[in-house]
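Commentary on secondary and tertiary structure
The primary structure of each chain is shown beneath.
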Amino acid sequence: MRGLTLARLIALIAPAGLLGGALLSQYVGGLAPCEMCYWQRWPHAAAIIFALFAILLRGGTGGRFFLILSALFIATSGGIGVFHAGVEYGWWEGLTACSTSTAGGSAQDILNSIMATPLVRCDVPQWTLLGISLAGYNAILSLGATIAIIMLMTGHKSKVS
């Protein structure tokens with residue numbers, strides 16, 4: 001498989017897999033995402049769209065442009081994942097209180113909404129494997145995919161045989 005073809009494939013599969021995994025963990029696994037979890041999802045959604053354009057326009061410079069955009073958005077999600085994991089591990093404080101918004105209405109409606117809303121903290125991982133949280137795995141996999149895309153686009157070959 002040629003380098004650019006593999007790069008386009010990674011640019012599509014990596015964010016689709018990570019976004020799909022996040023949605024599965026939420027809707028099947030019952031893990032409620034915090035605010036920073038949502039922040040990591042949006043760049044993946046954009047990266048998927050750009051990867052599809054890169055595949056459709058693979059013959060010209062437009063395809064490379066969209067592939068670069070896809071890689072940048074995958075890296076953005078990975079960077080947010082690094083920040084989020086750092087907040088979870090207590091390396092630094094988060095930018096937000098990770099609160100949820102309430103619906104309007106009477107004071108009693110607002111109070112009922114607040115009481116029914118689960119508190120999801122950004123500084124406490126809901127799930128870990130080998131001591132790494134979901135944000136940490138997003139960071140590792142997203143930044144790894146970005147490096148792979150860049151290496152394939154620039155023609156770098158692995159030293160491992």
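Before reading on, note that the structure itself is shown above.
The sections below set out a description of the structure shown in this document. The structure displayed is predicted, hence computed values, not measured ones.

1. Section: the nonpolar core
Counting 16 residues, the largest nonpolar core has L67 and I149 as the members making the most contacts within it. Going through the elements one at a time, α1 (3–27), α2 (35–56), α3 (61–88) and α5 (134–154) are the ones with two or more residues in this core. For L67, the contacting residues outside a window of four places in its chain are L4, A7, R8, A11, A54, I149 and M153.

2. Here's the deal with a nonpolar patch on the surface
A cluster of nonpolar residues, V82, Y89, W91, W92 and L143, forms a patch on the protein surface that exposes about 470 Å² of accessible area. Mapping W91 onto the fold places it in the loop between α3 and α4 (107–116). Owing to a relative accessible area of 57%, W91 belongs among the exposed residues under this scheme.

3. Things to note about the environment of Y27
Structurally, Y27 can be placed in helix α1. Looking at Y27, its side chain comes within polar contact range of the side chain of Q26, at 3.4 Å.

4. Topic: the packing of α1 against α3
Any two packed helices are characterised by how steeply their axes cross, that is the angle between the axes, and by the distance between the axes. Contact geometry of α1 with α3 gives a least axis separation of 10 Å together with a crossing angle of 40 degrees. In this view, α1 runs oblique relative to α3, as classed from their interaxial angle. Helix-helix and strand crossings are classified by hand; for α1 and α3 the assignment is left-handed. Contacts from L4, A7, R8, A11 and P15 in α1 reach R64, L67, S70 and I74 in α3. By residue class, the composition of the contact of α1 with α3 is six nonpolar, one polar and two charged.

Cut-offs used in this document
- Each chain has its residues counted from 1, following the order in which its sequence is written.
- It should be noted that, the model being predicted, local features are given only for residues of pLDDT at least 70 and side-chain atom pairs only at 80 or more, the latter also being counted only at that level, while totals for whole chains, interfaces and linings use all residues.
- Calculation of side-chain values draws on the structure's entire complement of heavy atoms; hydrogens and water are dropped beforehand.
- Here, the term nonpolar core denotes a set of buried Ala, Val, Leu, Ile, Met, Phe, Trp, Tyr and Cys residues that are joined through side-chain atoms within 4.5 Å.
- Remark: exposure states derive from per-residue accessible area (1.4 Å probe, protein chains only) relative to the maximum for the residue type, with buried under 20%, exposed over 50%, and partly exposed in between.
- A run of DSSP states H or I qualifies as a helix once it reaches four residues; a run of E qualifies as a strand once it reaches two. Both are numbered from the N-terminal end.
- Any two residues having at least one pair of non-hydrogen atoms within 4.5 Å are treated as being in contact.
- Like charges are joined within 9 Å and nonpolar side chains (Val, Leu, Ile, Met, Phe, Trp, Tyr) within 5 Å, but only among residues with over 30% relative accessible area and no salt bridge; these make up the patches.
- To be clear on the numbers: accessible area is Shrake-Rupley with a 1.4 Å probe, and residue cover counts the displayed protein chains and nothing else.
- One speaks of a salt bridge when a side-chain nitrogen belonging to Lys or Arg is within 4 Å of a carboxyl oxygen belonging to Asp or Glu.
- We define a polar contact as two N or O atoms separated by no more than 3.5 Å, with the added condition that, inside protein, one atom must be a possible hydrogen donor and the other a possible acceptor, whereas residues neighbouring each other in sequence contribute only through side-chain atom pairs.
- Note on geometry: axes are lines fitted to C-alpha atoms, helical ones only across the stretch in contact, with angles between N-to-C directions running from 0 to 180 degrees.
- Any angle between 65 and 115 degrees counts as roughly perpendicular, while under 35 counts as roughly parallel, over 145 as roughly antiparallel, and the rest as oblique.
- Handedness of a crossing is defined here by the sense of rotation of the near helix relative to the far one, left-handed for an anticlockwise turn of less than a right angle and right-handed for a clockwise turn.
- All residues other than Ala, Val, Leu, Ile, Met, Phe, Trp, Tyr, Cys, Pro, Asp, Glu, Lys and Arg, Gly among them, are scored as polar; the first ten of these are nonpolar and the last four charged.

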